[in-house]
Amino acid sequence: MNTWIEQLEQVQTEAETALAGAQNTPATEQWHADYLGRKGKLTALLRGLGQLSPSERPLVGRQANQVKELLEGALAARQAAIAAEELQRSLAAEGIDVTLPGRRPLLGKLHPTHQAMREMVDILKQMGFQVFDSPEVESDEYNFGLLNFPPDHPAREMQDTFFTTTPNLILRTHTSPGQIHAMRRYAPEPIRVILPGKCFRNEDVTARSEMMFYQIEGLAVGRKITFSDLKGTLLNFANQMYGEGRQIRFRKSYFPFTEPSVEVDVDCILCGGAGCRLCKQTGWLEILGAGMVHPVVLQNGGYDPALFSGFAFGMGIERQAMLKRGIDDIRLFYSNDTRFLARV
Ligand code: PHE
């Protein structure tokens, strides 16, 4: 009988030590299996009680039941303690530090092209130009024919123009067809309009050219409009856009819809004309194309070229934004890189 009591005490001590070492719920479950479960050590002892004599059995049996209850109670207490610890730990880990600064929500902003477009439109509006909307999809006639492009002009060729499945309907390659729309809408009244919008050219995309880009077209038609008016307007624009005191320079050029035609440069906004990487050592930056409206175009717009004259200019919006903000790759504008969009 004594050996039974001893064995019970031994299992109890061993179980109590093991339980104290159980650090988490899975460990207490394992402990339960080791001592109290179907194949547990205490269960095995209890099963053996049958071998005792009837006189010994009550005493040992009582002792055994006491040990069992004690261990069950100890397990419950240990499990409660572990649950409390686990709760404490997760509260500490997930705790809110109310002294941390808040997270700022990301704010949207105008696209760099639109920022530049608004700036340019504001400057021109203040000189008396009104915004006139014109379509991005045009007929071949408006994009080329009415603008005095000869039928075999290279700009009409496949590689430059995006065609649609509708015959003669194309994506405009410049904003100049808007000149015809504006003239036909207002002739024979004098007009001063600007036409900002998207243009499309079927060209290789490089750091300097995109297949979709924006232009602003300007057009003034009246009875006494001269080449000096063009120059004054563009000088005023350059001074407001690129800084007071800027010089501009006209170089002779060719466009079918203007005569004479010029390309217009501004003195380099980086080096002021001394020569640098931006202006490729020339001291000048090309900003736009312009000229006096060709008599044929005035006529196509509904004005009598004997009585009316006009000037027109057209400039790339991304180009102006690139010069002004020091952006060296036009592809950045439409690649949706938020690092670029947030910076500019
Ligand atoms: N349409 C011309 C271009 O896209 C620019 C231009 C506009 C030139 C108006 C002269 C007058 O290059």
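Preceding this section is the structure that the text describes.
As a starting point, this report considers the structure included with it. (Residues numbered from 1 in each chain as written. Predicted model: local features only at pLDDT ≥ 70, side-chain atom pairs only at ≥ 80, totals over all residues. Heavy atoms only, no water.)

1. Points about the overall build of the chain
Within the chain, the regular secondary structure consists of eleven helices and nine strands. Radius of gyration (C-alpha) of the chain: 43 Å, far over the 20 Å computed for a compact globule of 344 residues. Projected onto its principal axes, the C-alpha positions of the chain cover 140 × 50 × 35 Å. Taking all 344 residues of the chain together, 41% fall into the buried category. Considering only residue pairs separated by 6 or more positions, the chain has 67% of its internal contacts joining residues 24 or more positions apart. (Helix = DSSP H or I, 4+ residues; strand = E, 2+ residues; numbered from the N terminus. Rg over C-alpha atoms; globule rule 2.2 N^0.38 Å. Buried < 20%, exposed > 50% of the residue type's maximum accessible area, 1.4 Å probe, protein only. Contact = heavy atoms within 4.5 Å.)

2. Looking at the packing of aromatic side chains
For the structure on display, the rule yields twelve aromatic pairs. Ring centres of Phe132 and Tyr186 lie 6.0 Å apart, and the angle between their planes is 65°; this geometry places the pair in the edge-to-face category. With a gap of 54 residues between them, Phe132 in the loop between β1 (130-131) and β2 (137-139) and Tyr186 in helix α7 (residues 177-186) connect regions that are remote in the sequence. With relative accessibility at 14%, the residue Phe132 sits in the buried group. Of the residues examined, Tyr186 reaches a relative accessible area of 29% and is grouped as partly exposed. Ring centres 5.6 Å apart and planes at 70° place the aromatic pair Phe333 and Phe340 in the edge-to-face group. Classification of Phe333 as buried rests on a relative accessible area of 1%. Accessibility expressed as a relative area gives 2% for Phe340, which makes it buried. An aromatic cluster is present here, built from Phe144, Phe149, Phe255 and Phe257 joined pairwise through their rings. (Phe/Tyr/Trp six-rings, centres within 6.5 Å; stacked < 30°, edge-to-face > 60°.)

3. Observations concerning the environment of Pro135
Residue placement: Pro135 occurs in the loop between β1 and β2. Each C-alpha atom, one on Pro135 and one on Gly178, is 7.5 Å from the other, the two residues being 43 residues apart in sequence.

4. What about the pairing of strand β6 (residues 248-255)?
For a regular strand, the rule is simple: side chains alternate between the two faces of the sheet. Looking at chain direction, β6 and strand β7 (residues 258-267) are connected through seven bridges and run antiparallel. Note on β7: the bridge partner recorded for Phe250 is Val264. Between the antiparallel neighbours β6 and β7 lie two residues. (Pairing = 2+ DSSP bridges.)

5. Comments concerning helix α5 (residues 112-126)
Since the α-helix packs 3.6 residues into each turn, any two residues three or four apart lie on the same face. The terminal C-alpha atoms of α5, which comprises 15 residues, lie 21 Å apart, in line with the 21 Å expected from a rise of 1.5 Å per residue. The set of residues buried in α5 consists of Pro112, Thr113, Gln115, Ala116, Met117, Met120, Val121, Ile123 and Leu124. Remark: Gly128 follows α5 within two positions and exhibits a positive phi of approximately 100°. (Expected span 1.5 Å × (residues − 1).)

6. Some details on the site of the ligand
Taken together, 14 residues are adjacent to the ligand, and His174, Ser176, Arg201, Gln215 and Glu217 come closest. The contact in question runs from a nitrogen atom of the ligand to an N or O atom on the side chain of Ser176, over 2.9 Å. In this structure, an oxygen atom belonging to the ligand sits 3.0 Å away from a side-chain N or O atom of Gln215. When the ligand sits alone it has 330 Å² of accessible area, and the protein chains cover 89% of it. Those elements giving two or more residues to the shell around the ligand turn out to be β5 (212-222), β8 (284-293) and β9 (309-316). Of the residues forming the shell around the ligand, the biggest block, three residues, is contributed by β9. Looking at the shell around the ligand residue by residue, the classes come out as five nonpolar, seven polar and two charged. (Near = heavy atom within 4 Å. Polar contact = N/O pair within 3.5 Å; in protein donor to acceptor, adjacent residues only side chain to side chain. Areas by Shrake-Rupley, 256 points an atom, 1.4 Å probe, with all protein chains shown as cover. Nonpolar A, V, L, I, M, F, W, Y, C, P; charged D, E, K, R; others polar.)

7. A look at the nonpolar core
One finds Leu124, Leu234, Val264 and Phe313 to be the most contacted residues of the largest nonpolar core, which totals 47 residues. Setting aside residues no more than four positions away along its own chain, Leu124 makes contact with Phe129, Ile194, Ile216, Phe237, Phe313 and Met315. Among the nonpolar cores identified, the runner-up in size contains 22 residues, and Tyr142, Leu147, Ala182 and Ile191 belong to it. (Core = buried A, V, L, I, M, F, W, Y, C linked by side-chain atoms within 4.5 Å.)

8. Details of the side chain of Glu210
Its location among the elements puts Glu210 in the loop between β4 (191-200) and β5. Buried and unpaired, Glu210 has no salt bridge, with Arg331 as the nearest side chain of opposite charge at 6.4 Å. If we skip the residues at most four places from it in the chain, Glu210 touches Arg201, Val205, Ile330, Arg331 and Tyr334. (Lys, Arg positive; Asp, Glu negative; His and termini not counted. Salt bridge = Lys/Arg side-chain N within 4 Å of Asp/Glu carboxyl O.)

9. Things to note about the pattern of salt bridges
Applying the stated criterion to the full structure yields ten salt bridges. Of the charged contacts, one joins Asp337 and Arg339 as a salt bridge, the two residues approaching to 2.8 Å between their closest N and O atoms. Since its relative accessible area comes to 22%, Asp337 is described here as partly exposed. Judged by its relative accessible area of 66%, Arg339 falls in the exposed class. Shared partners join several salt bridges into a network, and the residues in it are Arg249, Arg251, Glu263, Asp265 and Glu286.

10. As for the sheet that holds β8
Taken in spatial order, the seven strands make up an open sheet running β1-β4-β5-β9-β8-β7-β6, and their pairing is mixed. Edge positions in the sheet fall to β1 and β6, since each of these pairs with one other strand and no more. Looking at chain direction, β1 and β4 are connected through two bridges and run parallel. Bridging across to β4, Val131 finds its partner in Ile194. Along the sheet face, α7 touches β4, β5, β8 and β9 and points at about 145° away from the line of β4. (Axes fitted to C-alpha atoms, helices over the stretch in contact; angles between N-to-C directions.)

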